[in-house]
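If you want the building blocks of each chain, they are given just below.
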Amino acid sequence: MSFSKRLIENLGSARSVCVLTGAGVSAESGVPTFRGDDGLWKKFKPEELANFDSFIRNPDLVWEWYSYRKKVMKEVVPNPAHTALVELQKLVPEFTLVTQNVDNLHIRAGSTGVLELHGNIERSYCIDCKEREDDVSLDASGKVPRCRRCGGLIRPDVVWFGEFLPPDTFARAEWAAGHCDVFISVGTSAVVYPAASLPLAALNTGAYVVEINQEYTDLSSRVHETILGKAGVILPAIVQALHTPGNHSV
Ligand code: BJW
Ligand code: ZN
């Protein structure tokens, strides 16, 4: 695994850096990804559970999946990839961290101003009166939680397929991608839109675009550089190289 001298030079002189993270960044913390071998839960694909129609059809099943994931995400801790992004933020004048993850690990690691495109699993709300209701869990009978005010179904505050991303958050992410000097896409299969459009927006406006992933993705043929390997190894190595210019590969 190696990265180019050009990447370190570009990061070193960048006025603005934008990073997009996906499930692969949390994998080394023990959070299963969506589309990897570890991604399937009870043989369901994420597309089958992460949509409003499935929730209405079988809210108990969808909540069982979220309860399981909430538990996993609460028990794990940030890994060296999260910590390296906290460090990188300190090293560049303007830094925007955009995440598709709902696990809160960037914020727990200490990153600030994180743009959460797909929501946050720690929050929930009632689908009828929209009241926020975070303190929810499946009750002993394994039923979906109900709103204390109106009895409506409580859903996690995440973005499902067919739903719009929070408009302000996405607008800020698009602006950051379109105005940065270096864009890094890390730990994402880059198949889910509109998040996957961000590296393309950065390419269109002349940014140096880098992908860090364990495997090649749909994005790989379009970026300036793909670095194959674990985010928790590569990101700390990049931060280290920024501290010691000249040492640009591991
Ligand atoms: C490592 C690693 C390590 C592992 N180190 N790497 C046709 C064309 C284009 C678009 C569409 C289309 N048909 C439908 C659409 C739209 C749809 C979409 O994009 N679908 C595609 C799948 C085809 N998008 C939407 O619906 C979005 N909304 C929208 O478009 O609104 C407009 C609209 C409104 C109304 C009607 C129609 C349109 C919403 C998308 C919401 C996605 N939500 C989810 C669930 C969130 C809640 C939850 O967590 O439960 O978001 S789905 C799931 O995928 C989750 C993730 O954030 C997202 C992306 O996944 P990610 O992060 O990339 O994970 P993986 O598992 O796919 O990849 C991990 C990668 O890491 C792998 O490559 C590994 O190799 C790597 N890796 N370990 C480095 N240690
Ligand atoms: Zn309600």
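A brief look at the structure comes next. (Residues numbered from 1 in each chain as written. Chains lettered and ligands numbered in written order. Predicted model: local features only at pLDDT ≥ 70, side-chain atom pairs only at ≥ 80, totals over all residues. Heavy atoms only, no water.)

Before going further, it helps to spend a moment on helix α10 (residues 231–243). Compared with an ideal rise of 1.5 Å per residue, which puts 13 residues at 18 Å, α10 spans 18 Å between its outermost C-alpha atoms and is within 8% of the ideal. Of the surrounding elements, those touching the buried residues of α10 are α1 (5–13), α2 (24–27), α6 (80–91), β6 (182–186), β7 (208–213) and β8 (225–228). (Helix = DSSP H or I, 4+ residues; strand = E, 2+ residues; numbered from the N terminus. Expected span 1.5 Å × (residues − 1). Contact = heavy atoms within 4.5 Å.)

This next bit is on the packing of aromatic side chains. Scanning the model with the defined rule gives six aromatic pairs in all. Counting every residue linked through ring pairs, the aromatic cluster contains Phe52, Phe55, Trp65, Tyr66 and Trp160. Sitting above the plane of the Trp65 ring, Arg69 keeps its charged end 4.4 Å from the centroid. Directly above the ring of Trp160 sits Arg155, whose terminal nitrogen or CZ lies 3.9 Å from the centroid. (Phe/Tyr/Trp six-rings, centres within 6.5 Å; stacked < 30°, edge-to-face > 60°. Lys NZ or Arg CZ within 6 Å of the ring centre and 35° of its normal.)

Right, let's talk about the pairing of β6 for a bit. When you tally the buried positions in β6, you get five out of five residues, the bulk of the element. Of the two faces of β6, the one carrying Val182, Ile184 and Val186 and the one carrying Phe183 and Ser185 are both buried. Two strands pair when backbone bridges link them, and strand β1 (residues 16–21) and β6 are joined in this way by five bridges, in the parallel orientation. Looking at the pairing, Val19 lines up with Ile184 of β6. With five bridges connecting them, β6 and β7 associate as parallel partners. (Buried < 20%, exposed > 50% of the residue type's maximum accessible area, 1.4 Å probe, protein only. Pairing = 2+ DSSP bridges.)

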